[in-house]
Each structure stands twice: as structure tokens, then as C-alpha cells.
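Breakdown of the fold
Below, each chain spelled out in residue letters.
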Amino acid sequence: EAGVTQSPTHLIKTRGQQATLRCSPISGHTSVYWYQQALGLGLQFLLWYDEGEERNRGNFPPRFSGRQFPNYSSELNVNALELEDSALYLCASSSRIGQGLNMNTEAFFGQGTRLTVV
Amino acid sequence: AQSVTQLGSHVSVSEGALVLLRCNYSSSVPPYLFWYVQYPNQGLQLLLKYTSAATLVKGINGFEAEFKKSETSFHLTKPSAHMSDAAEYFCAVSEGGTSYGKLTFGQGTILTVHP
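Residues numbered from 1 in each chain as written. Chains lettered and ligands numbered in written order. Predicted model: local features only at pLDDT ≥ 70, side-chain atom pairs only at ≥ 80, totals over all residues. Heavy atoms only, no water.

Let's shift gears to the packing of aromatic side chains. Two descriptors summarise a pair of aromatic rings, namely the distance from one centre to the other and the angle between the planes of the rings. Counted under the stated rule, the structure contains 14 aromatic pairs over all chains. Note on A:Phe109 and B:Tyr36: the rings are 5.2 Å apart at their centroids and 80 degrees apart in plane angle, and the pair reads as edge-to-face. With A:Phe109 in strand β10 (residues 108-109) and B:Tyr36 in strand β4 (residues 32-38), this pair bridges two chains. By relative accessible area, B:Tyr36 is classed as buried at 0%. (Phe/Tyr/Trp six-rings, centres within 6.5 Å; stacked < 30°, edge-to-face > 60°. Helix = DSSP H or I, 4+ residues; strand = E, 2+ residues; numbered from the N terminus. Buried < 20%, exposed > 50% of the residue type's maximum accessible area, 1.4 Å probe, protein only.)

And the structure:
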């Protein structure tokens with residue numbers, strides 16, 4: 001079974017441009033999470049999508065946005081790129097087994113997209 | 001609010017020696033705790049997880065961790081380090097429920113293994 005796949009693996013953009021990153025979750029997973037791993041800043045939660053809806057977002061400006069498609073794949077868009085947006089962007093997926101139950105699952109991560117802003 | 005503190009950004013051990021990576025958490029709800037490993041230019045791989053079952057959790061590659069509520073700790077150990085264990089390790093906490101993947105990570109600990 002395929003894991004979480006992200007594309008592209010590397011992306012080079014110029015300051016001010018827009019970047020689009022893509023993520024395909026594990027089959028059967030409905031939740032997709034985006035994380036930014038910037039040098040010196042660690043892993044920061046960006047966005048969470050579930051069933052096509054944005055459920056939560058981290059402390060990032062509105063120029064970071066995304067969406068989730070009916071097949072549960074997801075897109076992360078970063079507008080008006082700044083140099084400090086250079087980072088590894090990781091996507092993760094998990095399943096949802098209803099509420100109130102003792103769940104037994106975890107998030108599976110993709111290999112990431114390395115975004116470089118020059 | 002949740003937080004995770006990993007004590008020691010770098011840990012160096014000799015091959016065959018005990019590995020101990022420290023993690024302390026803060027959570028207002030019963031936590032779900034995870035250890036992930038990241039090799040250079042790779043994503044994160046789950047080593048083990050604690051989800052309120054047994055307090056001693058065994059994971060892959062010989063790693064284990066013990067949940068100690070009184071100490072709010074979830075330290076990662078391995079009895080005998082191998083060269084292939086050299087990587088960066090992240091402790092993470094989530095509130096569980098439907099948001100298993102919404103994780104708060106520690107700053108990471110880089111493990112170096114010397115021959």
C-alpha cells in the first residue's frame with residue numbers, strides 16, 4: 001500500500017511568487033495535516049483538513065492557505081513568498097474512527113517538499 | 001495548551017551503549033505521546049506511541065519509552081545503540097480524539113553514534 005506522497009520533492013521560487021505543494025494521503029485516510037520545518041524553528045503545525053473542511057490552522061499568516069479535494073488529497077498554497085518561507089513542508093495523514101472512542105491510530109508522514117525561496 | 005520539551009539538542013553515544021533521549025510534556029488533557037525519527041532529507045517515521053494503554057511502550061528498531069504521569073515524562077531508550085540509529089528524534093504530543101495528526105513537537109534531539 002502506498003504511503004503519503006508529496007510533490008514536488010523540490011521547488012525553487014522567487015520572492016513574491018506563489019508556491020503550490022501537493023499531498024496524497026494514504027488510502028482510506030480522511031485527515032491531512034501540513035507542517036513547516038524551517039531551520040532553527042523546528043516542526044510547526046500549519047493546517048489540518050478533514051472531510052474537505054479546514055479544521056484548524058497554526059500561527060501562520062493568511063497567505064498560507066490550502067484545500068482538500070473530494071478524494072482527500074490536499075494542496076498547500078503559499079502566496080507572496082518570502083525568504084523565510086524556505087523550509088521542508090511535510091504532509092501527514094490519519095484516519096478518523098469516530099468520536100469518543102479510544103482511538104488507535106497515528107499520523108503518517110510523507111517525505112516532504114523542500115521549498116527554497118530566492 | 002500543550003508543549004513538549006526535549007532535554008538536549010544533541011546526544012552522542014558509542015555503538016553498543018545505552019541510548020536515552022529525554023522528553024517532558026505539558027498537557028491539559030490526558031495526552032497522546034509519540035516519538036518520531038527523521039533521517040536526513042526524509043520525512044518522519046513513527047517509532048512508538050502512547051495512547052493511555054500500557055505505560056511501557058515498545059516500538060520499532062528496539063526502542064521503547066515509559067510514560068510517567070507523575071514526572072510528565074516520556075523518555076525514549078534503547079539498550080544498545082547501532083550506527084544506523086544516528087538521526088534526529090522528535091517527541092510529540094496530541095490531544096487525540098479526531099486530531100491525532102495535530103501534533104505539538106519538541107525541538108528535536110540529534111543522536112550521534114560513534115564506532
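That shown, we press on.
All names here are of chain B. Inspection of the entire model under this criterion finds two disulfides over all chains. A sulfur-sulfur distance of 2.0 Å marks the disulfide that ties cysteine 23 to cysteine 91. Across the S-S bond linking cysteine 23 and cysteine 91, the dihedral sits near -60 degrees, which makes this disulfide left-handed. Pair noted here: cysteine 23 is in strand β3 (residues 19-26) and cysteine 91 is in strand β9 (residues 87-94), with a separation of 68 residues, a long-range link. Grouping residues by exposure puts cysteine 23 and cysteine 91 together as buried. (Disulfide = S-S within 2.5 Å.)

Moving on: the sheet that holds strand β8 (residues 74-78) of chain A. Residues and elements named next belong to chain A. Spatially, the four strands line up as an open sheet ordered β1-β3-β8-β7, and their pairing is antiparallel. This sheet does not close on itself; its edge strands, each paired only once, are β1 (5-7) and β7 (64-68). Each strand axis lies, on average, 20 degrees off the axis of its neighbour in the sheet, ignoring direction. In terms of strand pairing, β1 meets strand β3 (residues 19-24) through three bridges, oriented antiparallel. Residue pairing in the sheet places serine 7 in a bridge with arginine 22 of β3. (Pairing = 2+ DSSP bridges. Axes fitted to C-alpha atoms, helices over the stretch in contact; angles between N-to-C directions.)

This next bit is on the sheet that holds strand β8 (residues 73-78) of chain B. All names here are of chain B. Pairing within the open sheet is antiparallel, and its five strands lie in the order β1-β3-β8-β7-β6. Bordering the open sheet on either side are β1 (3-7) and β6 (56-58), each of which pairs with just one other strand. Averaged over neighbouring strand pairs, the angle between their axes works out to 20 degrees when direction is ignored. As judged from the four bridges shared by β3 and β8, these two strands associate in the antiparallel manner. Looking across to β8, one finds that asparagine 24 is bridged to serine 73.

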